[in-house]
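Descriptive structure summary
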Amino acid sequence: MVAMKINEDLQKERSKYNFDVEELTNFLDWGPQYTLRRRNLEQKVLNVKGLLDDIPEEYLSHKEKYENAVRKAVLYYRILQKENHSNISDEEKTRANFRNMISSAVFRDNSPFSLHYSMFIPTIKGQATEEQKAYWLKRANNMEIIGTYAQTELGHGTFIRGLETQATYDPETEEFILYSPTLSSYKWWPGSLAHTSNYCVVMARLFIKGKSHGIHPFMVQLRDEETHMPLPGIKLGEIGAKLGFNNVNNGFLGFENYRIPRDRMLMKNAQVLKDGTLIAATNSKLTYGTMVFVRVLIVNNMANLLAKAVTIAVRYSAVRRQSQPKPNEPEPQILDYITQQHKLFITIATSHAFYINAMWLWEIYFNVNKDLGAGKLENLPELHAIACCLKPISTSDTTVLIERCRLACGGHGYMLSSNLPQMYGLATAACTYEGENTVLLLQAARALVKAWSVRVEGKPLKGTMAYLAGTTAPKKWDSSVDSIVKIFQDVAIRKVSGAVETLKDYQKSGLSLEDAWNKASVCLTAASEAHGRAILLSVYKSEMDKRTASLSSSLKKVLLQLVELYVIYWALEKVSDLLLYTSITEKDITELQRRYIGLMEKIRPNAVGLVDAFDFRDEILNSALGAYDGRAYERLMEEAMKSPLNVEPVNETFHKYLKPFMLGKL
């Protein structure tokens, strides 16, 4: 085996570490046993012939991309099926897959089977009866059927109550009749729907004897299991090319009086009896389970995307030299420029913040799930409110920071071979799917307004909203990390208070609650964002304090420097709020700015070590700029030579068009 030649600058960077990189990798993986499991799976996948593309998929046609993705998906998921997880809990599976990014080595922009695992199976688990689960989960887990989840319609997305797809119960045949009454009622966007899935959980409006009974889930067969032809009464197709996710096979779906048996309604929470009697769910919020699960998963995914992007940008910044600020001296590494550190070090810290918040959020999710199984619903609304805050903040921050990483790589970051444009496409999509960000912030605002009324009544608040019971008076400025975190909570209190007062003022002026809510919506979303920031900062700091207790002092020091950097960065980003709601002075702000610069100088020697600890194999990064060996220029040229246009020295267009044109004959 030929030894890998490492770029000299990158090698020097790796001699500067003052912490154990492997210890940090284990920490981020939730423990060394999960690091080992992840690496073993990566090796198994990468040993399979035909999974990695010889020709970059950007040179394939739209149809070829999909067909190639399905071919690889079959190979990939065969490997996953051999991984026996049947004897471990969902919590263990989550930890095992917490930083499992091997699929991105196989699919640069996601798998055509992704909705089967992320939505179809979790919905069966959360919405089906035990009898239904015994049948459908076995088939789904064995990939005997491939499923997706259809909720969003052409005319309605996040507003679930506005969905138009109808499921009318016929007691004579004991069937539901699915019907799409308008073009806007067609299901639109579900991944895997167009040509991949043969089953689908469809969210439709239930009608019994002409009366609407709200939205319910139905298991629907879309295609013949032998021929894969769409069944009579089913209209299917693909929605077309997109900014990203072009392997995912997003589709549309319409129904023309399509009949399904009564037992195809998923009836864990609500049931329709043979005679058409509806036994309604004890709580309408029981259907939130799958949505909350996916939103927690998104926070987790954003941490992984950021980690990949910043690994590429930091490694490239260590090998790229630019300008000559000091005469007669070598061009410095661009990582030595403070402006570059400002772009990248906060991205490392943000990835850590999202990882820690995701760990914390998963633990809450599993506890709430256990409560639901025992019939306890009291903690579900808070989990929903937390997810409604953290999903928008994590996706919007990730989108901004991936673009910052791309810009930090200059022109080369614009190349698809850097993989940064594709990652931007994946992140920005997350701002919209599974709840558009503004709508989710407004949903969270409803919970905050309700909590504020509880506070006004003098009743106690608990969980993540307990701090709202604090004072609304401006606090004396204190620049310690713990104090800044509390000050962010004070800012959130003031913003929630202000939003509630604005809402009341509009109502007092004669507006209806709905119109007043619309008028106050900018204040309300700002209050939700402030609440979300307060949670992110508080959880990152408190959980890091707890989780680093058993780590080496050297690693703990580096991790807490990142926490401090993150907290101060957001204090400076939100300085207008601090000026409005606290006693901070110009001198305090100047001191924060200098402290922030000082922290970047402390982190600088460990920058490459911090991204190496994310432990991404080159195949997973899939980037000419971010490979472990730092051979960015050589890899850029290698990727350029894969272009089909470089196969021949003279393209046929010269003889067809250019030559006649230049000779005046065209």
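Residues numbered from 1 in each chain as written. Predicted model: local features only at pLDDT ≥ 70, side-chain atom pairs only at ≥ 80, totals over all residues. Heavy atoms only, no water.

- If you check an unreviewed UniProt entry, the protein chain appears there as Acyl-coenzyme A oxidase from Parnassius apollo.
- Recorded in UniProt under Cofactor (unreviewed entry), the annotation for the protein chain is "FAD".
- According to the UniProt record, the Subcellular location (unreviewed entry) comment for the protein chain reads "Peroxisome". (UniProt positions renumbered as here; feature names shortened; annotations may be inferred.)

1. Describing the packing of helix α14 (residues 481–508) against helix α16 (residues 521–547)
- It is at 8 Å that the axes of α14 and α16 come closest, and there the two elements cross at 160°. For the element pair α14 / α16, the angle class is roughly antiparallel. Note that α14 runs across α16; the crossing there is left-handed. When α14 is examined against α16, the residues Val 481, Asp 482, Val 485, Phe 488, Gln 489, Ala 492, Lys 495, Val 496, Ala 499 and Thr 502 are found in contact with a partner set consisting of Cys 523, Leu 524, Ala 526, Ala 527, Ala 530, His 531, Arg 533, Ala 534, Leu 537, Ser 538 and Lys 541.
- Of the residues belonging to the contact of α14 with α16, the class tally is 13 nonpolar, four polar and four charged. (Axes fitted to C-alpha atoms, helices over the stretch in contact; angles between N-to-C directions. Helix = DSSP H or I, 4+ residues; strand = E, 2+ residues; numbered from the N terminus. Parallel < 35°, antiparallel > 145°, perpendicular 65-115°, else oblique. Left-handed = near helix turned anticlockwise from the far one by under 90°. Contact = heavy atoms within 4.5 Å. Nonpolar A, V, L, I, M, F, W, Y, C, P; charged D, E, K, R; others polar.)

2. As for the packing of aromatic side chains
- Under the defined criterion, the tally for this structure stands at 24 aromatic pairs.
- For the pair Tyr 169 and Phe 176, a centre-to-centre distance of 5.1 Å together with 55° between the ring planes defines the contact as tilted. Accessibility assignment for this pair places Tyr 169 and Phe 176 in one class, buried.
- Ring plane angle 80° and centroid distance 5.4 Å describe the contact between Tyr 540 and Tyr 566, whose orientation is recorded as edge-to-face. Here Tyr 540 is found in helix α16, whereas its partner Tyr 566 is found in helix α17 (residues 553–573), with 26 residues between them in sequence. (Phe/Tyr/Trp six-rings, centres within 6.5 Å; stacked < 30°, edge-to-face > 60°. Buried < 20%, exposed > 50% of the residue type's maximum accessible area, 1.4 Å probe, protein only.)

3. So, the layout of surface pockets
- The space that makes up the second largest pocket amounts to roughly 540 Å³.
- As for the second largest pocket, its lining consists of 22 residues, and the residues nearest its centre are Asp 53, Arg 108, Asn 622, Glu 639 and Lys 642.
- Those elements that provide at least two residues to the lining of the second largest pocket are α6 (103–106), α21 (618–621) and α22 (632–640).
- A per-element tally of the lining of the second largest pocket places α22 first, with three residues.
- Here the lining of the second largest pocket is composed, by residue class, of seven nonpolar, three polar and twelve charged. (1 Å grid on protein atoms, 1.4 Å probe; cavity = no way out; pocket = protein on both sides within 12 Å on 5 of 7 lines; lining within 4 Å. Points joined across faces, edges and corners; volume = space filled by probe spheres on them.)

4. What to know about the pattern of salt bridges
- Taken as a whole and assessed by the stated rule, the structure comprises 44 salt bridges.
- With its nearest N and O atoms 3.3 Å apart, the salt bridge here joins Lys 459 to Glu 457.
- By sharing partners, the salt bridges in this structure join Glu 22, Asp 29, Arg 38, Arg 39, Glu 42, Arg 99 and Asp 615 into a single network. (Salt bridge = Lys/Arg side-chain N within 4 Å of Asp/Glu carboxyl O.)

5. As for the domain arrangement of the protein chain
- Under the domain assignment, the protein chain is made up of domain 1 (1–30 + 288–462 + 480–641) and domain 2 (123–287).
- The gap between the C-alpha centroids of domain 1 and domain 2 is 36 Å. (Domains from an automatic or database assignment.)

6. Here we look at empty space enclosed by the protein
- What the rule picks out here adds up to three cavities of 30 Å³ or more.
- What lines the largest cavity is simply Phe 488, Val 491, Ala 492, Lys 495, Ala 526, Glu 529, Ala 530, Arg 533, Lys 574, Asp 577 and Leu 578.
- Of all the secondary structure elements, the ones that give two or more residues to the lining of the largest cavity are α14, α16 and α18 (575–581).
- Considering only residue class, the lining of the largest cavity consists of six nonpolar, no polar and five charged.

7. So, the UniProt feature "domain: Acyl-CoA oxidase C-terminal" (unreviewed entry) in the protein chain
- Feature annotation in UniProt places "domain: Acyl-CoA oxidase C-terminal" (unreviewed entry) on residues 481–662, given in this structure's numbering.
- As a span, residues 481–662 carries 75% helix and 0% strand, and end to end its C-alpha atoms are 68 Å apart.

8. Thoughts on unusual backbone geometry
- The phi dihedral of Asn 249 falls on the positive side, at around 65°, and the residue is not glycine.
- With respect to the helices, strands and loops of the structure, Asn 249 is situated in the loop between β7 (234–238) and β8 (251–255).
- We classify Asn 249 as buried; its relative accessible area is 2%.

9. With respect to a nonpolar patch on the surface
- Taken together, Leu 658, Phe 661 and Met 662 make up a surface patch of nonpolar side chains, about 350 Å² in accessible area.
- Mapping Leu 658 onto the fold places it in helix α23 (residues 653–662).
- Take Leu 658: its relative accessible area is 44%, and that puts it in the partly exposed class. (Patch = residues over 30% accessible without salt bridge, like charges linked within 9 Å, V, L, I, M, F, W, Y side chains within 5 Å. Areas by Shrake-Rupley, 256 points an atom, 1.4 Å probe, with all protein chains shown as cover.)

10. Topic: the packing of α17 against helix α19 (residues 586–603)
- At a minimum axis separation of 10 Å, α17 and α19 run at an interaxial angle of 145°. Taken as a pair, α17 and α19 cross one another with a handedness that is left-handed. Across the interface between the two elements, Gln 561, Leu 562, Glu 564, Leu 565, Ile 568, Tyr 569, Ala 571 and Leu 572 from α17 touch Ile 589, Leu 592, Gln 593, Arg 595, Tyr 596, Leu 599, Met 600, Lys 602 and Ile 603 from α19.
- Residue composition of the contact of α17 with α19, grouped by class: twelve nonpolar, two polar and three charged.

11. A few points about the environment of Trp 360
- Looking at where Trp 360 falls in the secondary structure, it is placed in helix α10 (residues 338–373).
- With relative accessibility at 14%, the residue Trp 360 sits in the buried group.
- Along the primary structure Trp 360 and Glu 514 are separated by 154 residues, whereas in three dimensions their C-alpha atoms are 35 Å apart.
- The residues contacting Trp 360, other than those within four sequence positions of it, are Ile 386, Leu 390, Thr 464, Ile 535, Val 539, Glu 543 and Arg 547.

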